[in-house]
Amino acid sequence: MANPRPLTRLLKMRQQLYAMGDPTPEFLEYTRDFGLDHKAIQAHAGIFAVVLASAGRDNNGLPIFNFDTEGVPTAVIEAILFDENREPFVCDIVSWTLADPKSVATALGANEGAAVLGAFNMPQRGRTRLWVHPTPLAWLQAKCEGCVPLKEEGARYWLNRAGGPFAVGGLEEGRWLRDLLGPHSADHSIFVAVKRREWAA
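Residues numbered from 1 in each chain as written. Predicted model: local features only at pLDDT ≥ 70, side-chain atom pairs only at ≥ 80, totals over all residues. Heavy atoms only, no water.

Asker: How should I be thinking about the overall build of the chain in this particular structure?
Answerer: Secondary structure summary: the chain contains six helices and eleven strands in total. Computed over the C-alpha atoms, the radius of gyration of the chain is 17 Å, within 12% of the 17 Å expected from 2.2 N^0.38 for a compact globule of 201 residues. Based on the C-alpha atoms only, the size of the chain along its principal axes is roughly 45 × 45 × 35 Å. For the chain, the residues scored as buried account for 42% of the 201 residues in total. Looking at the chain alone, contacts between residues at least 24 apart form 54% of all its contacts between residues at least 6 apart. Accessible area for the chain stands at about 11,500 Å²; split by element, carbon and sulfur atoms hold 51% of it. (Helix = DSSP H or I, 4+ residues; strand = E, 2+ residues; numbered from the N terminus. Rg over C-alpha atoms; globule rule 2.2 N^0.38 Å. Buried < 20%, exposed > 50% of the residue type's maximum accessible area, 1.4 Å probe, protein only. Contact = heavy atoms within 4.5 Å. Areas by Shrake-Rupley, 256 points an atom, 1.4 Å probe, with all protein chains shown as cover.)

Asker: Looking at this structure, how should I read the pairing of strand β1 (residues 48-57)?
Answerer: For a regular strand, side-chain orientation follows a simple rule: the groups alternate between the two sheet faces. One ladder, built from six bridges, connects β1 with strand β3 (residues 72-82); its direction is antiparallel. Residue pairing for β3: Ala53 is matched across the bridge by Val72. Alignment of β1 against strand β2 (residues 63-67), held across five bridges, turns out to be antiparallel. Note that in β2 the partner of Arg57 across the bridge is Pro63. Between the end of β1 and the start of β2, which pair antiparallel, lie five residues, with Gly61 showing a positive phi angle near 80°. (Pairing = 2+ DSSP bridges.)

Asker: It is not clear to me how the packing of helix α5 (residues 152-162) against helix α6 (residues 171-181) should be interpreted in this structure. Could you clarify?
Answerer: Contact geometry of α5 with α6 gives a least axis separation of 9 Å together with a crossing angle of 95°. In terms of their interaxial angle, α5 and α6 are classed as roughly perpendicular. Taking contact as the criterion, the partners of Glu152, Ala155, Arg156, Leu159 and Asn160 in α5 are, on α6, Leu177, Asp179, Leu180 and Leu181. Looking at side-chain class alone, the contact of α5 with α6 contains five nonpolar, one polar and three charged residues. (Axes fitted to C-alpha atoms, helices over the stretch in contact; angles between N-to-C directions. Parallel < 35°, antiparallel > 145°, perpendicular 65-115°, else oblique. Nonpolar A, V, L, I, M, F, W, Y, C, P; charged D, E, K, R; others polar.)

Asker: In this structure, what is going on with the packing of aromatic side chains? I would like to understand it.
Answerer: How two aromatic rings sit relative to each other is set out by the distance from centre to centre and by the angle between their planes. Inspection of the entire model under this criterion finds six aromatic pairs. A ring pair is formed by Phe48 and Trp96, whose centres lie 6.3 Å apart and whose planes are at 15°; its orientation type is stacked. Of this pair, Phe48 sits in strand β1 while Trp96 sits in strand β4 (residues 88-97), and the two are 48 residues apart along the sequence. In this structure Phe48 comes out as buried when scored by relative accessible area, which is 6%. For Trp96, a relative accessible area of 0% gives the class buried. Aromatic pair Phe65 and Phe67: ring centres 5.6 Å apart, planes at 85°, arrangement edge-to-face. With respect to class, Phe65 is no different from Phe67; both count as buried. Among the aromatic residues, those joined into a ring-pair cluster are Phe27, Phe48 and Trp96. Over the aromatic face of Phe191 sits the side chain of Arg129, whose NZ or CZ is 3.8 Å from the ring centroid. (Phe/Tyr/Trp six-rings, centres within 6.5 Å; stacked < 30°, edge-to-face > 60°. Lys NZ or Arg CZ within 6 Å of the ring centre and 35° of its normal.)

In structure tokens:
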């Protein structure tokens, strides 16, 4: 049975997000500067917005974020999963500050909610390569193709269940993904795109 506290927090934060109204100037500038296709994002992900937020900790001392009118400009997007009937539902809200796309936090923290973005792209691919992006921003720039690991343990489960081959954008990302996959990394091919050439890791 699901823990009701995270679900209550998620519902409250989604209501806050929906009540924020029209896109902000920061949102319009951010999407323009990074070449984000808002229609593609809407088709494949949840609500995407730029808001004011601050970092926090849950009752276990794990990092989360909160909407905060005294906070810093922060990108947020709903994380989507599918139930057993292939119906989509929002399982978390993912955030990162505009100043640092690697500063990822979620509404529900490390022990709850989303372990990856783009989980719907992972199963039933056959031998099609799955792009694994290092940040949510990179995933949005790729029009939500592939996935983004958010939490190490949960992402390792999702990736190993999905299976390779995987694709990444550089050698450093290839090493990062190999380490993330852990002992099962040898079971999967990782293709690294390097200046239009590909290397199998």
